[in-house]
Amino acid sequence: MKKLLIILCAALCLAIGLTGCSNAAGGDSDETYIVWTSVDSYTDFQSAFNTTLNDGMYMHAEFNSEGWSQISPLLPNDEDKHDWSQDKIRTWLIGRGFGNSEATQESAWITTINHGFISSRTGNTVYTIIK
């Protein structure tokens, strides 16, 4: 399932194109967002995206409404689905190797867009959060 999800994300990202870094002001700490998290091997990520992601680096992309309507039915309704605040997302990013500043910037970005994802690589592991 996760490999299919990565492949679908890759196809959508290639069709939509990767976005540049956004800088958004913080969010309401009481507001929560539905997000999904996954852990995959770098080999699976590299195969699905047909690109490299250097160790210690990350990428993010935003889904348009068409892309989201294609991927959302494939997202599991299990332990990988969370109802998290922006601060919880920031904390999750820090736990996956993001520095405080990057985690703050990226958690602000993902909570101000409708739908998108952030993937980061640590060794042979790729962590992804989807909103």
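Residues numbered from 1 in each chain as written. Predicted model: local features only at pLDDT ≥ 70, side-chain atom pairs only at ≥ 80, totals over all residues. Heavy atoms only, no water.

J.: Lay out the nonpolar core in plain terms, naming residues and giving numbers.
T.: Core analysis: the largest hydrophobic core is formed by 15 residues, its most contacted members being Phe-45, Phe-49, Met-59, Phe-63, Trp-68, Phe-117 and Ile-130. Those elements that place two or more of their residues in this core are α2 (42–49), β2 (58–62), α3 (65–71) and β5 (125–130). For this core, the element with the most residues is α2, which contributes four residues. In this structure, Trp-84, Ile-89, Trp-109 and Ile-110 belong to the second largest nonpolar core, which totals 13 residues. (Core = buried A, V, L, I, M, F, W, Y, C linked by side-chain atoms within 4.5 Å. Buried < 20%, exposed > 50% of the residue type's maximum accessible area, 1.4 Å probe, protein only. Helix = DSSP H or I, 4+ residues; strand = E, 2+ residues; numbered from the N terminus.)

J.: Pulling in residues and values, what's your account of the packing of aromatic side chains?
T.: This structure, assessed with the given rule, holds six aromatic pairs. Measuring from ring centre to ring centre gives 4.7 Å for Tyr-58 and Phe-98, while their planes differ by 40°; the resulting arrangement is tilted. Here Tyr-58 is found in strand β2, whereas its partner Phe-98 is found in the loop between α4 (86–95) and α5 (100–112), with 40 residues between them in sequence. Linked through ring pairs, Trp-36, Phe-63, Trp-68 and Phe-117 together constitute an aromatic cluster. Against the face of Trp-84 rests Lys-88, its NZ or CZ located 5.1 Å from the ring centre. (Phe/Tyr/Trp six-rings, centres within 6.5 Å; stacked < 30°, edge-to-face > 60°. Lys NZ or Arg CZ within 6 Å of the ring centre and 35° of its normal.)

Function cannot be read off these values alone, since they describe shape.
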